[in-house]
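An overview of the molecular structure
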Amino acid sequence: MRVEIMDELPAEMMEEAWEFYKDCFSDLRILAVNRHLMYRHEFEEVMGDKRIDKHVAMDENGIAGMGTITNNLESVPLISADYFKYHWPELYEQRRLFYCLFAGSALGNRGQGVFVALQRAMYAPIEAVDGKVFFDICGFNEERNQLPRMIAMILSRASSAGRAQPTRLDAQSFWMYEFPKDDMPFRRAERRGLPNRLSGDQPERRSAKV
């Protein structure tokens with residue numbers, strides 16, 4: 001397995017990359033209220049945007065992992081570049097702030113070690129400029145998969161400092177308001193996790209998703 005860094009994904013890889021992306025992150029369609037998956041045209045725009053680096057893990061069967069990261073925060077329409085410019089003006093001006101749009105590895109045995117390799121490769125340019133990196137992690141991946149902790153462990157091993165300190169910057173919650181009748185329960189149980197028909201014995205998945 002090798003990790004290739006590309007500023008633009010070749011056209012002949014687009015279909016395979018799209019299928020990998022959908023397979024890796026499709027669960028988020030029903031696990032997160034906010035839309036986390038890009039539409040096809042959005043995905044192709046990101047793959048063709050030279051401001052965003054593509055880290056592609058390849059094995060003998062093709063794409064085994066993929067991650068995208070940028071220090072050009074204006075290239076990511078779903079985050080507020082002004083937020084970062086206000087809080088870290090010097091680092092922002094020096095392009096030392098990095099944002100990870102997504103990173104994921106293949107399901108099952110094929111993906112073993114791939115997510116770690118991706119994170120290490122993606123961290124290298126951050127360490128080179130003594131920068132900071134930001135992720136957007138949905139509540140399910142934070143609570144059930146402990147992604148902030150797992151990413152901190154991986155980056156700690158990759159860093160020459162031997163430590164990566166995670167800090168929550170922001171959070172957004174979605175609330176539903178109902179109007180129960182007198183014979184209905186006052187509070188409905190929270191709807192979290194995969195429906196029973198989709199849970200089963202799912203292969204282990206490693207992914208961080210915007």
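Every value quoted in this text rests on a predicted model; they were computed, and no experiment measured them.

This part takes up the overall build of the protein. Scanning the protein from N- to C-terminus turns up eight helices and six strands. Listed N to C, the secondary structure of the protein is β-α-α-α-β-β-α-α-β-α-β-α-α-β in terms of helices and strands. Split into buried and exposed, the 210 residues of the protein put 39% on the buried side. When contacts within the protein are restricted to residue pairs at least 6 apart in sequence, those whose partners lie at least 24 apart make up 70%. In the structure as shown, the protein presents an accessible area of about 13,300 Å², 48% of it carried by carbon and sulfur atoms.

Turning next to helix H6 (residues 114-128). The terminal C-alpha atoms of H6 lie 22 Å apart, and with 15 residues this matches the ideal 21 Å at 1.5 Å per residue to within 8%. At Met-122, H6 shows its maximal bend, which comes to roughly 25°, and the proline Pro-125 appears one to four places after that position. What H6 keeps buried is the set Val-114, Phe-115, Leu-118, Gln-119, Ala-121, Met-122, Tyr-123 and Ile-126. Once H6 finishes, Asp-130 follows within two positions and takes phi at roughly 55°, a positive value.

What follows is about empty space enclosed by the protein. With the rule as written, the count across this model stands at one cavity of 30 Å³ or more. In this structure, the largest cavity occupies an estimated 50 Å³ of space. Surrounding the largest cavity, Ile-69, Cys-100, Gln-119, Met-122, Tyr-123, Ile-126, Val-133, Phe-135 and Leu-155 form its lining. If one sorts the elements of the lining of the largest cavity by residue count, H6 sits on top with four residues.

This part is about the environment of Asp-27. Position of Asp-27 relative to the elements: it lies in the loop between helix H1 (14-25) and helix H2 (28-31). Judged by relative accessible area, Asp-27 falls into the partly exposed class, the value being 24%. Each C-alpha atom of the pair Asp-27 and Leu-37 lies 9.6 Å from the other, and the pair is 10 residues apart in sequence.

For helix H3 (residues 40-48), every residue scored as buried is listed here: Phe-43, Val-46 and Met-47. Looking down the long axis of H3, one finds its buried residues gathered within 100° of arc, a one-sided arrangement. The inward-facing, buried residues of H3 contact H1, strand E2 (53-59), strand E3 (62-70) and strand E4 (97-105).

Take the packing of aromatic side chains next. Tallying each qualifying case throughout the model produces 11 aromatic pairs. Measuring from ring centre to ring centre gives 5.3 Å for Tyr-83 and Phe-84, while their planes differ by 85°; the resulting arrangement is edge-to-face. With relative accessibility at 28%, the residue Tyr-83 sits in the partly exposed group. Put simply, the rings of Trp-18, Tyr-21, Phe-25, Phe-43 and Phe-102 touch in pairs and so form one group of aromatic residues.

As for its position among the elements, Thr-70 is in strand E3. By relative accessible area, Thr-70 is classed as buried at 2%. From its side chain, Thr-70 meets the backbone nitrogen of Asn-72 in a polar contact 2.9 Å long. In this structure, Thr-70 is in contact with Arg-51, Ile-52, Ser-75, Val-76, Leu-97, Phe-98, Tyr-99 and Leu-101, ignoring residues within four places of it in sequence.

The element E2 is largely enclosed, with a buried count of six among its seven residues. Across five bridges, strand E1 (residues 2-6) lies against E2 in antiparallel orientation. Looking at the pairing, Arg-2 lines up with Met-58 of E2. Both E2 and E3 contribute to a ladder of seven bridges, which runs antiparallel. By the bridge assignment for E3, Asp-53 is matched with Ile-69. Hairpin geometry of E2 and E3 is characterised by an intervening segment of two residues between the two adjacent antiparallel strands.

Judged by nonpolar contacts, the single largest core of 38 residues is most densely connected at Phe-43, Met-66 and Phe-102. When residues of this core are traced back to their parent elements, those giving at least two are H1, H2, H3, E2, E3, helix H4 (81-87), helix H5 (89-93) and E4. Examining the composition of this core, we find that seven residues originate from one element, H1, more than from any other. Non-local contacts of Phe-43, meaning those with residues more than four positions away in its chain, are made with Met-14, Ala-17, Trp-18, Tyr-21, Met-38, Met-66 and Phe-102. Counting 18 residues, the second-largest nonpolar core is a separate cluster that includes Phe-115, Leu-147, Ile-151 and Ile-154.

What counts and what doesn't
Residues numbered from 1 in each chain as written. Predicted model: local features only at pLDDT ≥ 70, side-chain atom pairs only at ≥ 80, totals over all residues. Heavy atoms only, no water. Helix = DSSP H or I, 4+ residues; strand = E, 2+ residues; numbered from the N terminus. Buried < 20%, exposed > 50% of the residue type's maximum accessible area, 1.4 Å probe, protein only. Contact = heavy atoms within 4.5 Å. Areas by Shrake-Rupley, 256 points an atom, 1.4 Å probe, with all protein chains shown as cover. Expected span 1.5 Å × (residues − 1). Bend = angle between axes of the 7 residues up to and from the residue. 1 Å grid on protein atoms, 1.4 Å probe; cavity = no way out; pocket = protein on both sides within 12 Å on 5 of 7 lines; lining within 4 Å. Points joined across faces, edges and corners; volume = space filled by probe spheres on them. Arc of directions from axis to C-beta. Phe/Tyr/Trp six-rings, centres within 6.5 Å; stacked < 30°, edge-to-face > 60°. Polar contact = N/O pair within 3.5 Å; in protein donor to acceptor, adjacent residues only side chain to side chain. Pairing = 2+ DSSP bridges. Core = buried A, V, L, I, M, F, W, Y, C linked by side-chain atoms within 4.5 Å.

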